[in-house]
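# Overview (structure and organization)
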Amino acid sequence: MIDNKIKKVLILGGGPSKIGNETELDAAAFQMMTALKKNGVQVLVIDNNPFSLTLSEVQPANVFIKEINLKNVLDVIKKESPDAIIPIAGGLRAIHVTQELLNQGILSDLGVRVLGISKESLKVINNPDKMKIAINSIDEPAVPSKIVRSESEAFEVVREIGFPVNIKKVSHKESTERIICNNAEELSDMLEDEFKDDSVCIIEKSIVGYKQIETVAVRDQTNTKILISGLENIDAVGVHSGDSIVISPVQTLGDIEYQSLRTATFKMMDLLNIVGLCHIQFALDPNDGSNYYITKINPLINSSSALAARSTGYPLVYVCTNLLLGNSLPEIQLHANYHRLTPIMEPTLDHVVIKMPVWPFDNVPEANQHLNTTMKSVGSTIGVGRTVEEAMLKALRSSQFSPRDVLPSMYEISSDELISQLIHPKSDRLLVLIEALRRGYQVDELEELTKINQFYFYKLKELLDVEELIIKEPMKLRTIEVAHDHGFGDGMMAETWHQPIEKVRELYHAAGEYPTYKAIEPSAGEFDQNIRSFYSSYEIENESSQESEKTALVIGRGGNKLGPNTAADYYTAEMLIQLHRIGYKTIVMNNNPNALSLSPQISDKQYIEPIQLGAILNIIELEKPVRVFIPGNRHFLLKQLKKYTGLNVQVLPPDQETGVVLPKDVTYALNFFVTQDESYFISTEKLISNNKSDLDYVTAYETPYVLGDEALQRDIEESKAHIQSSNWIGLVQILFNQNKKGESEYVGIRPLRLTETIFLSRATGINWVRALVRFYTKRLDINELMKNMPDMSNRVTHMQATFPFKQLNVKVDHANSSQEVGAKIKFRLVDDK
Amino acid sequence: MSKVVVDKMAMQRALTRITYEIIEKNKGVNNLVLVGIKTRGIYLAKRIANRLQKLENKEVPVVGIDVTKYRDDIQHTDNEPAVLSDEAVSLKDKNIILVDDVLFTGRTINAALSAIAELGRPKNIRLAVLVDRGHRELPIRADFVGKNIPTSKQEIINVQVDEIDDQDSVEIDEK
Amino acid sequence: MTTRYLILEDGTSYKGKAFGAEATTTGEIIVNSNMLGYQEVITNQIYHNQIIVFTQPSIGNTGINHKSFEAIVTNSKGVVVKEYSNISTNRLGNLNLDLFLKQHNIPGIAGIDTRELTRRLNRKQTMKASIVDMDDEHAFDQLHATVLTNQQVNQVSTKAPFPNTGDGYNIVLIDFGLKYGILRKLADLDCNVIVMPFETTSQEIFDLDPDGVVLSTGPGSPRDLPDSVLQMIREVQKEIPMFAMGLGHELFALANDANVYKLDGEHHGSNHPIRQVITNQIIYASQSEGYAVDPKSIIHDQLLITYVDLVNGTVQGIRHRDYPAFSVQFSPDGGPGPQDSADLFEEFLENVSSQRR
């Protein structure tokens with residue numbers, strides 16, 4: 001039953017994105033907000049991530065743009081007296097703040113409840129010792145460890161838990177490394193000096209090489225539990241699960257092992273009294289899956305729960321939010337598109353989803369590229385298919401940002417480097433594995449070297465065979481059929497065969513062959529559900545048909561990389577919302593499992609496909625959209641799409657790279673909205689560079705930039721002249737530099753970058769993405785818009801990019817804008833400093 | 001050190017089985033009244049009644065009794081009423097199931113029988129207990145037993161119910 | 001790989017690739033939506049007469065292993081998958097799904113749009129199907145003409161009693177198509193089990209003086225079994241605690257004057273919420289059912305409904321009012337599937353223990 005006492009809820013947001021948390025937190029907060037509103041609950045939100053859709057969709061009066069810390073959260077609680085706070089969509093930062101609030105007893109004093117996370121689980125989060133005690137209290141296994149004071153004690157422990165073990169000296173003075181010992185000699189050598197000064201060691205069983213499996217489950221107040229998804233990490237323990245290739249459903253476990261993980265998950269949730277969702281990580285002995293350990297318990301939303309939801313089609317956040325409010329699973333009512341019992345049906349899949357990490361190393365080459373227990377990837381892409389091969393190849397294609405569908409390879413790697421990377425994995429893991437197979441490594445050898453289950457090598461070998469077929473048998477229908485079944489795209493074949501892509505497509509179209517789209521839904525075809533997420537296959541039944549006569553197709557950016565990508569995802573989501581509001585049926589194509597823009601509430605239909613020409617053409621041919629929006633960095637696509645479809649293709653978000661910029665320093669800019677006839681001045685903006693005044697290093701922004709009236713007028717005039725002589729329209733930025741003499745000089749003109757467009761929206765309170773969408777669809781009343789421009793003279797808005805250097809353990813003196821991982825925003829009155 | 005001998009699942013199973021056995025022995029729930037002995041016996045009786053209701057779609061009355069003043073081995077001074085039920089329930093000619101958490105010496109049950117006798121003459125009285133730990137001092141035997149747990153007199157059996165103890169379990173403690 | 005066809009009674013033909021034995025086969029076609037445990041499914045004797053379609057697209061990934069047999073053979077009529085893998089996990093590295101099926105002369109067919117097939121089958125009543133070399137008129141004629149045996153239990157039940165020893169309670173297990181999972185669960189609880197043929201009489205059971213009697217799962221319709229089986233149940237339930245599953249449950253219902261009907265579409269999976277009536281608790285369990293007990297036919301003076309499937313409303317469990325005898329439609333042992341109801345075996349032994357006092 002719903003708890004009627006909860007009328008007003010404060011959601012703690014995720015803050016700036018970083019490694020480990022990208023757009024999935026905001027996507028969850030947004031879906032949570034939708035569910036709360038549906039239940040008549042007033043939603044407050046605190047966040048300082050400028051690229052948060054939740055901030056835009058909650059009423060301005062209920063939005064608190066502040067950093068998430070104890071003081072700010074407490075201020076909001078005191079001011080607004082919500083009935084409850086929800087920290088589970090805010091990552092670990094929000095959890096820590098909640099822990100502090102609870103420790104200080106403030107929440108109970110104020111009568112504010114915490115939803116989604118129990119007292120019991122707050123105690124064990126980030127406390128490995130308490131977690132192990134909790135795990136053992138329900139007869140489940142945690143990785144065994146013990147404190148020892150002598151060599152004989154150490155050996156006593158080892159006789160019990162077996163080699164290999166990790167030894168860590170406990171010392172007050174310095175933090176010591178964990179050292180692995182594989183046998184008695186190593187242990188003796190290691191311990192020789194350790195116990196002289198009365199010190200103690202922690203000895204722990206080493207589980208390097210164990211299989212990593214994750215589970216995501218929900219539980220309601222009446223103790224009903226459902227396993228939403230099992231996620232199998234292809235890489236073994238030793239590689240952070242966020243950096244591993246992940247497959248769902250679990251492929252290489254027997255049912256007996258799988259069920260014991262399911263049962264353990266439920267026991268843990270019972271113990272911690274979790275009402276909501278929980279993500280648990282396990283390590284399994286690769287030789288005996290019944291020998292497993294619980295390694296991590298995350299009773300909060302993260303990228304694994306996002307992947308579980310995306311891969312099953314189970315409306316996880318919506319359901320979870322209802323559970324937080326006190327509904328039981330059978331009571332939850334979903335949108336009519338779903339079967340009425342979907343909340344309480346344990347998902348079962350008839351497709352395969354593979355997640356491929358996306359790396360920051362192109363932009364941060366100084367970082368150590370070896371994969372270990374510290375997460376390094378900044379995003380991920382998924383491939384969905386009807387076979388493991390198909391999903392694998394689509395994930396691989398999606399993770400490559402080359403606009404051409406060329407299959408990447410590691411042909412050139414030296415054999416020493418190959419072996420080294422097999423044992424010490426680096427970012428291009430899958431390509432190295434494929435290359436090893438190509439060079440004749442045997443499966444059992446590879447399994448031994450990499451600790452990856454043999455199953456995956458058989459699958460990769462199959463892909464190699466198909467690649468060979470493509471090379472040997474060009475332009476044959478049979479080749480194309482086999483290639484399609486294994487996830488290869490038309491573009492790759494066209495490239496390999498040096499043929500225009502339409503020749504390839506004509507060949508199979510002539511045989512009446514077209515892709516068949518299958519719904520991503522949680523009943524494996526048992527129920528007819530009107531679910532709107534699709535992936536392609538080449539089979540018999542196509543479940544997707546043309547959405548409408550007036551459809552807008554928005555192509556997403558794919559996986560999250562460094563640079564403006566989280567902003568781009570917000571932008572894409574906002575476009576979809578705005579297009580829908582002006583009467584289009586909206587379709588989004590994307591492959592980032594964490595993407596906000598893939599949230600089912602945001603568009604009418606979602607296609608999870610590689611963002612490549614062949615896949616896009618397929619969707620265009622089926623959906624016949626009247627408008628196609630593609631992001632600005634895809635020149636190849638733009639050219640090709642125009643060539644093949646003659647469609648109304650609009651580049652939005654605008655290209656980040658284009659513009660006419662003199663190689664000069666830059667200190668400020670003027671922003672304009674430019675129509676065919678007129679340019680409208682919006683704002684001044686201070687551009688703060690990390691490296692003198694170099695434009696590439698501008699990573700902080702402030703508005704307004706104070707110029708004297710006269711100077712401002714002069715700049716506006718000059719800007720308008722430049723705008724007139726260019727053919728830019730939309731949001732346009734004119735760059736200036738204030739030289740040493742204090743004189744302003746024109747530096748260049750460019751479309752307003754998307755991060756700054758959002759910054760501008762936050763600063764002005766005007767939704768500029770909405771304005772652009774309306775402008776390009778000829779619905780914008782610019783005069784009306786300009787009338788609503790607020791007076792910005794008394795408030796300063798400041799946005800600062802954030803970087804992943806600390807997490808990547810590198811020091812970068814001058815960070816540039818292509819290294820941004822997120823941003824934070826704050827306001828202050830002009831007089832404050 | 002306390003040791004859990006009946007966990008939540010096992011306790012639920014035991015109550016479920018007792019419920020089925022009551023239906024078996026009583027041939028349904030007609031004329032049935034559950035009498036729970038304060039404190040945990042009352043909660044257990046309510047749970048059994050709840051289960052009976054789900055199976056038979058009939059409300060079975062639950063009466064709570066406090067037997068302190070009927071105990072022959074405990075000094076008592078106050079004169080509080082024995083029956084803790086809100087409404088008057090006649091036990092005359094009813095089939096009574098007396099419910100308690102632990103059956104030990106039998107003196108509590110004996111006291112309960114005295115208390116019931118003052119409330120009218122039932123048709124019959126049966127006894128349901130969650131735990132039978134042995135060491136009877138009176139000729140009393142339970143008709144429905146959740147679990148037989150042989151114990152030494154030095155041990156303490158600790159029954160916890162979710163309604164007041166925040167968890168369901170039976171633990172053995174050393175004295 | 002050889003091209004073969006899966007043809008359905010409604011005239012549909014699917015082209016696919018052969019694996020397993022290249023035999024021609026005919027059976028009822030059913031869909032199993034468990035994601036893991038293909039070996040358990042294939043070796044479950046309830047699939048005697050049936051062709052199994054797996055919704056999980058990748059089958060064969062963990063080879064054939066010692067722990068996952070529900071019977072040492074497969075009695076199914078065929079296996080339909082999107083894709084299979086020839087992985088071996090046994091120590092000699094030589095046994096895989098393909099070979100296992102060949103050894104038992106069971107054909108498989110791969111490369112099928114199993115999602116389309118599933119959606120088609122879910123819209124229709126249970127159909128017959130064949131896996132054949134050619135999808136010509138002759139093949140369809142053969143398919144229509146084939147009459148499947150109704151002597152399934154007779155064919156799969158053990159001919160002679162055999163023991164599965166332990167130190168605990170003495171249990172007689174009646175084999176209607178024994179699923180090893182039941183044996184495993186009873187062994188976990190130290191039971192001393194004797195497995196008996198399906199036509200064992202009550203007198204033969206009484207002569208063994210067991211503490212409890214278990215009726216196993218099995219293939220086909222409960223009405224295809226002789227009345228003597230029902231008579232046995234009626235006599236034994238009065239004297240000895242009884243626990244029945246699957247086909248055993250259907251027989252237990254018939255023996256107590258309830259009706260059993262054939263479901264429009266069979267359901268084989270673990271995703272349906274099942275409500276335990278007495279606690280309102282929802283559990284998940286492996287379900288494999290072509291028949292169900294009609295709730296309207298249950299005489300309330302005889303039987304109590306204990307479990308209900310929330311999706312299709314089918315009766316999932318019953319209990320006798322007067323005797324410690326109960327049954328469930330699903331498989332509490334999993335194999336494959338959740339362990340949420342595995343403690344029903346403990347509940348059974350607690351009944352046994354309660355009666356022995």
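Residues numbered from 1 in each chain as written. Chains lettered and ligands numbered in written order. Predicted model: local features only at pLDDT ≥ 70, side-chain atom pairs only at ≥ 80, totals over all residues. Heavy atoms only, no water.

All right, on to the overall build of chain B then. A tally of helices and strands in chain B yields four helices and eight strands. Put simply, chain B runs from its N terminus to its C terminus through helices and strands in the order β-α-β-α-β-β-α-β-β-β-α-β. Of the contacts made within chain B by residues no fewer than 6 positions apart, 66% connect residues no fewer than 24 positions apart. Only carbon and sulfur atoms are counted for the fraction: they give 46% of the accessible area of chain B, which is about 8,500 Å². (Helix = DSSP H or I, 4+ residues; strand = E, 2+ residues; numbered from the N terminus. Contact = heavy atoms within 4.5 Å. Areas by Shrake-Rupley, 256 points an atom, 1.4 Å probe, with all protein chains shown as cover.)

Let us now look at the overall build of chain C. Within chain C, the secondary structure is distributed over ten helices and 21 strands. If you line up chain C on its principal axes, its C-alpha atoms span 65 × 50 × 35 Å. Relative to its full complement of 357 residues, chain C shows a buried share of 67%. Across chain C, contacts joining residues at least 24 apart in sequence account for 72% of those joining residues at least 6 apart. Approximately 12,100 Å² of chain C is accessible, and the part contributed by carbon and sulfur atoms is 46%. Distance between charge centres in chain C, computed from 28 positive and 43 negative side chains, equals 6 Å. (Buried < 20%, exposed > 50% of the residue type's maximum accessible area, 1.4 Å probe, protein only. Lys, Arg positive; Asp, Glu negative; His and termini not counted. Charge placed at Lys NZ, Arg CZ, Asp CG, Glu CD.)

Another point: the UniProt feature "active site" (unreviewed entry) in chain C. All names here are of chain C. Under the UniProt annotation, "active site" (unreviewed entry) lies at Asp333. Its location among the elements puts Asp333 in the loop between β21 (325–328) and α10 (344–356). With residues near it in sequence (within four places) discarded, Asp333 still touches Glu70, Lys179, Gly181, Ile182, Lys185, Gln339 and Phe345. At 2.6 Å, the side chain of Asp333 and the side chain of Lys179 are in polar contact. (UniProt positions renumbered as here; feature names shortened; annotations may be inferred. Polar contact = N/O pair within 3.5 Å; in protein donor to acceptor, adjacent residues only side chain to side chain.)

Let us now look at unusual backbone geometry. If a residue is not glycine, its phi is most likely negative; likewise, a peptide bond is most likely trans. Residue and element names in this part refer to chain B. The amide bond that connects Lys38 to the next residue, Thr39, takes the cis arrangement and shows omega of 5 degrees. In this fold, Thr39 is placed in the loop between β2 (32–37) and α2 (40–56). Residue Asn31 is not a glycine yet carries a positive backbone phi of 70 degrees. Take Asn31: it is sitting in the loop between α1 (8–26) and β2.

Soluble globular proteins tend to bury their nonpolar side chains together. All names here are of chain A. Core analysis: the biggest nonpolar cluster contains 142 residues, and Leu101, Phe673 and Trp768 have the highest contact counts within it. Those residues in contact with Leu101, other than ones at most four positions away along the chain, are Leu70, Val73, Leu74, Ile77, Ile85, Ile106 and Leu107. Of all hydrophobic cores here, the second largest spans 72 residues; its members include Ala395, Tyr441, Ile470 and Ile587. (Core = buried A, V, L, I, M, F, W, Y, C linked by side-chain atoms within 4.5 Å.)

All names here are of chain B. Here we have five strands laid out as an open sheet, ordered β3-β2-β4-β5-β6, and parallel in their pairing. In the strand order of this sheet, the two ends are held by β3 (62–65) and β6 (144–148), each with one partner. Here the strands of the sheet are splayed against their neighbours by 25 degrees on average, with no regard to which way each runs. Of the pairings in the sheet, the one linking strand β4 (residues 95–103) to strand β5 (residues 124–132) comprises eight bridges and is parallel in character. (Pairing = 2+ DSSP bridges. Axes fitted to C-alpha atoms, helices over the stretch in contact; angles between N-to-C directions.)

This part is about the UniProt feature "short sequence motif: PRPP-binding" (unreviewed entry) in chain B. On the UniProt side, "short sequence motif: PRPP-binding" (unreviewed entry) is annotated at positions that read residues 96–108 of chain B here. Taken as a whole, residues 96–108 of chain B contains 15% helix and 62% strand, while its terminal C-alpha atoms sit 16 Å from one another.

It is common to give the size of an interface as the accessible area lost on bringing the parts into contact. Facing 51 residues of chain A, the contacting portion of chain C comprises 44 residues. Taking both partners together, chain A and chain C bury about 4,000 Å²; carbon and sulfur atoms supply 49% of that area. A per-residue breakdown of the area chain A buries against chain C is headed by Asp255, Arg386 and Glu526 of chain A, which together make up 14% of the total. Linking chain A with chain C are twelve salt bridges, by the criterion used here. The shortest N-O distance in the salt bridge between Arg115 of chain C and Asp350 of chain A comes to 2.9 Å. Applying the counting criterion to the chain A and chain C interface returns 26 residue pairs in polar contact (both at pLDDT 80 or more). Sorting elements by how many residues they give to the side of chain A that touches chain C places helix α10 (residues 255–271) of chain A first, with eight residues. The class makeup of the residues in the side of chain A that touches chain C is 21 nonpolar, 13 polar and 17 charged. (Buried area = accessible area lost by both parts, 1.4 Å probe. Salt bridge = Lys/Arg side-chain N within 4 Å of Asp/Glu carboxyl O. Nonpolar A, V, L, I, M, F, W, Y, C, P; charged D, E, K, R; others polar.)

Turning next to the packing of helix α21 (residues 565–581) of chain A against helix α26 (residues 768–776) of chain A. All names here are of chain A. The N-to-C vectors of α21 and α26 enclose an angle of 55 degrees; their axes lie 9 Å apart at closest approach. By the criterion of interaxial angle, the relationship of α21 to α26 is oblique. For the crossing formed where α21 meets α26, the hand is right-handed. In this structure, α21 contributes Tyr571, Glu574, Met575, Gln578 and Leu579 to the contact, and α26 contributes Val769, Arg770, Leu772 and Val773. For the contact of α21 with α26, the class distribution of residues is six nonpolar, one polar and two charged. (Parallel < 35°, antiparallel > 145°, perpendicular 65-115°, else oblique. Left-handed = near helix turned anticlockwise from the far one by under 90°.)

On to the sheet that holds strand β10 (residues 211–219) of chain A, then. Residues and elements named next belong to chain A. Taken in spatial order, the seven strands line up as β14-β13-β10-β11-β12-β15-β16 in an open sheet, and their pairing is antiparallel. The sheet is open, and its two borders are formed by β14 (288–298) and β16 (379–385), each paired with just one other strand. Strand-to-strand, the axes of this sheet are offset by a mean angle of 25 degrees, without reference to chain direction. For β10 and strand β11 (residues 225–236), the ladder comprises nine bridges, and the chain directions are antiparallel. In the strand pairing of β11, Lys211 is matched with Ala236. Most of the contacts of helix α12 (residues 316–324) go to strand β13 (residues 276–285), to which it runs at about 120 degrees, and overall it touches β10, β11 and β13.

Residue and element names in this part refer to chain A. The alternating pattern of strand β21 (residues 605–608) places Lys605 and Tyr607 and Gln606 and Ile608 on opposite faces, both of which are buried. Relative to β21, strand β18 (residues 533–537) runs parallel, the two being bridged by two bridges. Bridging across to β21, Ser533 finds its partner in Gln606. Summarising the sheet, strand β20 (residues 585–590) and β21 pair through four bridges and their orientation is parallel. Along β21, the bridge assignment pairs Asn590 with Ile608.

Residues and elements named next belong to chain A. For the structure shown, the criterion picks out 68 salt bridges over all chains. We note a salt bridge from Asp270 to Lys225, for which the minimum N-O separation is 3.0 Å. Within this pair, whereas Asp270 is found in helix α10, its partner Lys225 is found in strand β11, the two being separated by 45 residues in sequence. Since its relative accessible area comes to 11%, Lys225 is described here as buried.

Here the focus is the packing of helix α17 (residues 454–472) of chain A against helix α19 (residues 490–497) of chain A. Residue and element names in this part refer to chain A. Two numbers describe how α17 lies on α19: the axes approach to 9 Å, and their chain directions differ by 45 degrees. Taken together, α17 and α19 sit at an angle that is classed as oblique. Considering how the two elements wind past one another, α17 and α19 form a crossing that is right-handed. Of α19, the residues touching α17 (which contributes Glu467, Ile470 and Ile471) are Met492, Met493, Thr496 and Trp497. Among the residues making up the contact of α17 with α19, the classes are represented as five nonpolar, one polar and one charged.

Moving on, we get to the domain arrangement of chain C. All names here are of chain C. In terms of domain boundaries, chain C breaks down into domain 1 (3–148) and domain 2 (153–356). Computed from C-alpha coordinates alone, the two centres of domain 1 and domain 2 are separated by 27 Å. Domain 1 puts 25 residues into the contact, and the matching count from domain 2 is 26 residues. If you sort the residues of domain 1 by the area they bury against domain 2, Gln45, Ile46 and Glu70 come out on top, with a joint share of 32%. Connecting domain 1 to domain 2 are three salt bridges. With its nearest N and O atoms 3.8 Å apart, the salt bridge here joins Lys262 to Glu28. Counting across the domain 1 and domain 2 interface gives 15 residue pairs in polar contact (both at pLDDT 80 or more). (Domains from an automatic or database assignment.)

Residues and elements named next belong to chain B. The topology assignment puts Ile22 in helix α1. As a C-alpha pair, Ile22 and Ala128 span 106 residues in sequence and 8.9 Å in three-dimensional space. Not counting residues within four places of it along the chain, the set of residues in contact with Ile22 comprises Lys27, Gly28, Leu32, Ile48, Ile97 and Phe144.

Turning to a negative patch on the surface, a few remarks are in order. Residue and element names in this part refer to chain A. Among the surface-exposed residues, Glu151, Glu185, Glu186, Asp189 and Glu192 lie close enough to one another that they form a single negatively charged patch. Counting through the fold element by element, Glu186 comes out in helix α9 (residues 184–191). Since its relative accessible area comes to 32%, Glu186 is described here as partly exposed. (Patch = residues over 30% accessible without salt bridge, like charges linked within 9 Å, V, L, I, M, F, W, Y side chains within 5 Å.)

Before going further, it helps to spend a moment on the UniProt feature "binding site: L-glutamine" (unreviewed entry) in chain C. All names here are of chain C. As recorded in UniProt, the feature "binding site: L-glutamine" (unreviewed entry) lies at Gly218, Gly220, Leu247, Gly290 and Tyr291. On the basis of their most widely separated C-alpha atoms, the annotated residues across 74 residues gather in one place, lying no more than 11.7 Å apart. When you line up the elements, Leu247 lands in helix α9 (residues 247–255). Those residues in contact with Leu247 that lie beyond four places of it in its chain are Val153, Phe176, Ser216, Thr217, Gly218, Pro219, Gly220, Ser221, Pro222 and Leu225. Ignoring anything within four residues of it in the chain, the contact list for Gly290 reads Tyr261, Lys262, Leu263 and Glu266.

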